[in-house]
Amino acid sequence: MRRTTAALALGTAATMIATGCSAVSGGDDGTVTLNMVESLTNPTRTDLLDDLIADFEEQNPKIDVNLISPPTEQADQKLQQMLQSGTGVDVLEVRDITVGPWSTNGWLYDMKKDLKGWDGWQAMTENTVSAAEDSGGRTYYVPYGFYGLSLFYRTDLIEEAGFDKPPATWDELLEQASAVHDPGERRYGYAFRGAANANSNVTAVVGAYVADKIDPANAFKVKDGSTIFAAPEAQDAVETYFRLYEQASPDSSVSWGYPEMVEGFSNGSTAFLLQDPEVIAAVRESQAISEEQWSTAPLLTGPSGKTVQPLATAGWGVADAGEHKAEAVKLVKFLSQGEASLTFTKENSLVPTQKSAAEDEFYTSGPWATYVTMTEHPETYLNVTQPRGVAWWTEWEQKADADVQKVLLGKMTPKELLAEWDAYWTEKWAKEK
Amino acid sequence: MPAASPTKQPHEPRTRRPFRTGGGGRPAHRGAPRRGRPVFTTRRGLTIAAFMAPAALFVAVFTYYPMIAGSQMAFRNWKLSDLTDKSFVGLQNFRDVFADPAWGTVLSNTAVWVVASIVPQLVIGFALALWLRRRFRFRGLYQALIFFPWAISGFLIGILFRWMFNSEFGVVNDLLQRAGIIDEPVTWLADPDTAMAAVIVANVWYGVTFFAIMILAALQSVPDELYEAAALDGAGKVRTLFQITIPYIRTTLALTVLLRIIWIFNFPDLIFGMTGGGPNNETHIVTTWMIQITQQGDYGRASAIGLLIVASLLVFAVFFLLATREKSEKKSAKKGERS
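Bear in mind that the values here come from a model prediction, so they are computed numbers and not experimental data.

Peer 1: Would you mind going over the overall build of chain A in detail, with residue names and values included?
Peer 2: The helix and strand inventory of chain A stands at 17 helices and eleven strands. By principal-axis analysis of the C-alpha atoms, chain A measures approximately 85 × 50 × 50 Å.

Peer 1: Please give an account of the overall build of chain B that cites residues and values.
Peer 2: Per the secondary structure count, chain B includes 13 helices and zero strands. For chain B, the succession of helices and strands along the chain, N to C, is α-α-α-α-α-α-α-α-α-α-α-α-α. When the 339 residues of chain B are sorted by exposure, 28% land in the buried category. Of the contacts formed within chain B by residues at least 6 apart in sequence, a portion of 62% connects residues at least 24 apart.

Peer 1: Talk me through the domain arrangement of chain A; I want residue IDs and the actual numbers.
Peer 2: Residues and elements named next belong to chain A. Examined at the domain level, chain A breaks down into domain 1 (25-146 + 313-353) and domain 2 (150-310 + 369-432). Distance from the C-alpha centre of domain 1 to the C-alpha centre of domain 2: 31 Å. Contacts between the two partners involve ten residues from domain 1 and, on the opposite side, twelve residues from domain 2. The leading source of residues in the side of domain 1 that touches domain 2 is helix 4 (residues 99-104), at three residues. The class makeup of the residues in the side of domain 1 that touches domain 2 is five nonpolar, four polar and one charged.

Peer 1: Break down the nonpolar core for me, citing the residues and quoting the values.
Peer 2: Residues and elements named next belong to chain A. Judged by nonpolar contacts, the single largest core of 118 residues is most densely connected at V206 and A234. Broken down by element, the residue count for this core peaks at eight residues, all from helix 9 (residues 232-248). For this core, the two domains that each supply at least three residues are domain 1 (25-146 + 313-353) and domain 2 (150-310 + 369-432). If we ignore the near neighbours within four places in the chain, the residues touching A234 are V206, Y209, V210, I228, F229 and L418.

Peer 1: Which residues make up the sheet that holds strand 1 (residues 32-37) of chain A, and what are the values?
Peer 2: All names here are of chain A. If you walk across this open sheet you meet the five strands as 2-1-3-10-4, and the pairing is mixed. Because the sheet does not close on itself, it has two edges, and the strands there are strand 2 (63-68) and strand 4 (142-147). Here the strands of the sheet are splayed against their neighbours by 25° on average, with no regard to which way each runs. Alignment of strand 1 against strand 3 (residues 91-95), held across two bridges, turns out to be parallel. Within strand 3, the residue paired with V37 across the bridge is L92.

Peer 1: Tell me about helix 1 (residues 42-73) of chain B, and please be specific about residues and values.
Peer 2: An α-helical segment advances 3.6 residues per turn. Residues three or four places apart therefore align on the same side. Spanning 32 residues, helix 1 of chain B covers only 39 Å between terminal C-alpha atoms, well under the ideal 46 Å at 1.5 Å per step. In helix 1 of chain B, a bend of some 45° at B:A53 exceeds every other bend along the element, and B:P54, a proline, comes one to four places later.

Peer 1: Tell me about the sheet that holds strand 5 (residues 150-154) of chain A, and name the residues and values.
Peer 2: Neighbouring strands of a sheet are bound in pairs by backbone hydrogen bonds; such pairs are parallel or else antiparallel. All names here are of chain A. One open sheet holds the four strands; their spatial order is 6-7-5-8, and the pairing between them is mixed. Of all the strands in the sheet, the pair left with one neighbour each is strand 6 (188-190) and strand 8 (294-297). Neighbouring strand axes in the sheet, compared pairwise and without regard to direction, differ in orientation by 20° on average. As judged from the four bridges shared by strand 5 and strand 8, these two strands associate in the antiparallel manner. Within strand 8, the position partnered with Y153 by the bridge is S295. Contacting strand 5, strand 6 and strand 7 (270-275), helix 10 (residues 258-266) crosses the sheet at an angle of about 140° to strand 7.

Peer 1: Go over the pairing of strand 1 of chain A, please, and point to the residues and values.
Peer 2: All names here are of chain A. Of the strand pairs in this sheet, strand 1 and strand 2 are connected by six bridges, and their pairing is parallel. Residue pairing across strands places N35 opposite N66, the latter belonging to strand 2. In the classification by handedness, the crossover that spans strand 1, the intervening helix 2 (residues 43-59) and the parallel strand 2 is right-handed.

Peer 1: I'd like a rundown of helix 15 (residues 369-376) of chain A, residues and numbers included.
Peer 2: All names here are of chain A. Along helix 15, the residues classified as buried are T370, Y371, M374 and T375. Buried residues of helix 15, seen end-on, are gathered within an arc of 135° and therefore sit on one face of the element. The inward-facing, buried residues of helix 15 contact strand 5, strand 8, strand 9 (307-310), helix 14 (361-364) and strand 11 (381-384).

Peer 1: Quick rundown of the packing of helix 9 of chain A against helix 17 (residues 414-432) of chain A? Include the residues and the values.
Peer 2: Residues and elements named next belong to chain A. Between helix 9 and helix 17, whose axes approach to 9 Å, the crossing angle comes to 130°. Relative to helix 17, the element helix 9 lies oblique. Our pair here, helix 9 against helix 17, has a crossing hand that is right-handed. Contacts between helix 9 and helix 17 involve A234, Q235, V238, E239 and F242 from the former and P414, K415, L417 and L418 from the latter.

Peer 1: Break down the interface of chain B and chain A for me, citing the residues and quoting the values.
Peer 2: Counting residues at the interface gives 31 residues for chain B and 35 residues for chain A. Residue assignment for the side of chain B that touches chain A shows that the elements contributing at least two residues are helix 1 and helix 12 (286-295) of chain B. Considering each element in turn, the side of chain B that touches chain A owes the most residues, eight residues, to helix 1 of chain B. Across the side of chain B that touches chain A, the residue classes tally to 13 nonpolar, 15 polar and three charged.

Peer 1: Which residues make up the confidence of the model for chain B, and what values do they have?
Peer 2: All names here are of chain B. In this model, chain B carries a mean pLDDT of 84, and residues with pLDDT of at least 70 account for 84%. Overall, residues 1-33 carries pLDDT values under 50, and its contacts beyond four positions in sequence, including any with other chains, amount to 23 contacts. Both scores are available for the predicted complex, with the pTM at 0.81 and the ipTM at 0.78.

Peer 1: So what about the environment of A:P167? Which residues, and what values?
Peer 2: Residues and elements named next belong to chain A. Assignment of secondary structure puts P167 in the loop between helix 6 (155-160) and helix 7 (170-180). For P167, a count of 20 C-beta atoms within 10 Å translates into the label buried. Considered as a pair, P167 and I214 are 47 residues apart in the sequence and their alpha carbons are 23 Å apart. In contact with P167, other than residues within four places in its own chain, are E172, L173, Q176 and L300.

Peer 1: Run through the environment of B:L313, naming residues and quoting values.
Peer 2: Residue and element names in this part refer to chain B. Structurally, the position occupied by L313 is in helix 13 (residues 299-338). As for L313 and N166, which are separated by 147 residues in sequence, their C-alpha atoms are 34 Å apart. In contact with L313, other than residues within four places in its own chain, are I262 and F265.

Peer 1: Any chance you could break down the environment of B:Q295 for me, citing the residues and the numbers?
Peer 2: Following the sequence through the fold, B:Q295 ends up in helix 12. Spatially, the C-alpha atom of B:Q295 lies 47 Å from that of B:S221, the residues being 74 residues apart in sequence.

Peer 1: Describe unusual backbone geometry, listing the residues and the values that go with them.
Peer 2: Residue and element names in this part refer to chain B. Of note, the bond from G278 into P279 is cis; its omega dihedral lies within 30 degrees of zero at -5°. Positionally, P279 belongs in the loop between helix 11 (268-274) and helix 12. In this structure, F138 takes a positive phi of about 60° despite not being glycine. Its place among the elements puts F138 in the loop between helix 3 (102-133) and helix 4 (139-147). Phi angles above zero are rare outside glycine, and N280 is one such case at about 55°. For N280, the location among the structural elements is in the loop between helix 11 and helix 12.

What counts and how
- Residues numbered from 1 in each chain as written.
- Chains lettered and ligands numbered in written order.
- Predicted model: local features only at pLDDT ≥ 70, side-chain atom pairs only at ≥ 80, totals over all residues.
- Helix = DSSP H or I, 4+ residues; strand = E, 2+ residues; numbered from the N terminus.
- Buried ≥ 20, exposed ≤ 12 C-beta atoms within 10 Å, placed from the backbone.
- Contact = placed C-beta atoms within 7 Å.
- Domains from an automatic or database assignment.
- Nonpolar A, V, L, I, M, F, W, Y, C, P; charged D, E, K, R; others polar.
- Core = buried A, V, L, I, M, F, W, Y, C linked by C-beta atoms within 7 Å.
- Pairing = 2+ DSSP bridges.
- Axes fitted to C-alpha atoms, helices over the stretch in contact; angles between N-to-C directions.
- Expected span 1.5 Å × (residues − 1).
- Bend = angle between axes of the 7 residues up to and from the residue.
- Right-handed = clockwise from strand over helix to strand, strands pointing away.
- Arc of directions from axis to C-beta.
- Parallel < 35°, antiparallel > 145°, perpendicular 65-115°, else oblique.
- Left-handed = near helix turned anticlockwise from the far one by under 90°.
- pLDDT = per-residue confidence, 0-100.

Next up, the structure:
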């Protein structure tokens, strides 16, 4: 009796451990199961992916796709753990900020050869094709869309303030936002980004001011190899930008991150907002402002009339440790072209990767038209790549955000900030060599 | 299983064993305490081991292994950005932690965070418990309402309070302005000092509950006779509180305070949701700082901080327990002398 019990207990333990550790693999009938892991998860997007995957499975009856959706906050860490263990991932979401470290660690598969001669490339915008390749000419992911800034503005408020069109330059933005700003009436000019990711808007304004001499392959460098922060134009750029905080933004925007900015614009209190296209959906749902009260305008230019579009991106890649690479690449191709890609960018509020989007009613009208305008005028809205793939990118963002807050709190001058940032990148690049 | 013991009789006391007892054939008295200890035969030992194995294995695999693996990371160059070089670096990670200019702020913030949170939590929690102990209409409902915050995730509370303390759209400024206490909106989360105050207010709101629960449970164990006797002796409310209630529940109080100190120390969720450690990294406590470094991918340095936290909490817990035990033992020794 006791022996039986002991055996049973041991057996149970063994089973639990064994089931916990075994990976799901293919069935006996030649069906292949792909594990696909997403990173920027949200419920609607997961549903959308499920639909697209269902279409893929219908076209490929021998392939089953198992979509894994960890919560966004921990998704990249989960993915890292899975990649490190070398099991359980075939297709995965790779971001411009994760591709660097993950490829260095040998976790990603270079799809270059598999995608040679693929007709999908022809249908893609130039941005997409160039973003699909890293500096060494390898293809670790195919972008599914882009996150890029445009200016959300209140048509009624600027009209009341006496302007007949939205600002085109940073100086004009400062002028219009200051004119609208009236904190006593709880009306604010500009939704200033002071908290998480505050650095991104500072680099955007600096980029606009140095657009004439920027290095498109590394948007933190000018063509002579020094940092954009050391350029004389950068000084004007940050001064204009921080004046926007002093003259036209709520005092507490030192602690404004994404949610406060979007709330400020969509609750009708703030006239200007610089944000990604996904905000379009949020503003459309606003009870406080109607469709006629707002619109979008292209990214603001510097004094030269040009600006840079630092597009952030992510896409689908294949894990190096995966056993079914051919099938995995097939899925990546499926998601990256045609109707699947268009549906994904539309429903997920992304700047599209497909050329055909320029003729699509969805993108040519309303707030989306701005993105098409920017894509169609690459001489004004320069396509540049920020060094988001470097190993120290998160460290940089954290440091830069704190520095921006120091300036806002009066603990650092804009000049010191530029000097700090110049020193930071110069040192990092020197070490890299 | 029951069928296996045919000799078992319905009203046999427990001493009659599932286990063979050491007392040999000594007759068991009804209601007598269990005599002797179970003998550990190899077979029984194995059975016990087998039953414990699954749990032990899980604890080993999911608790101890990560802990040990994590600790050795602290002595290595363990950066997610490049795992091809995980060489041993000795105490370098610890030196980096101490050399970080933010470390001083982080430490003093942690002290402020713990002390300024625990004192109001204890006082308000105690008061609530005293109040909830009395019988009144809808007491159950009030109890449920007061205990409710404990069921909410810290991160969520952080986000809720982030909106409440929002200077332009938040309810806190609105109320203060309507009440005429302030003229201009306070930029709560934008100023490092008020931001720290705001996160502490949120934490007090959250933690009061736990004290109320624990103290209420302890209060219910204080015999009414003591209060009756005190009343007969003419003791007032304050005197009863300090000479009967508090001494009687001292152990619970000490343990609750200890637990809460450790938990508050290890409670980054709220700060993360509310300020993210900002502005200018001035509301970081040790644990939020550790998370920030994890996000940079520097697991080596983050583990070093983790080890420092474990070590300091261990030392603290030992001292705290010794200090509080000594007091109560002295007390009971005194009582002994008197009687």
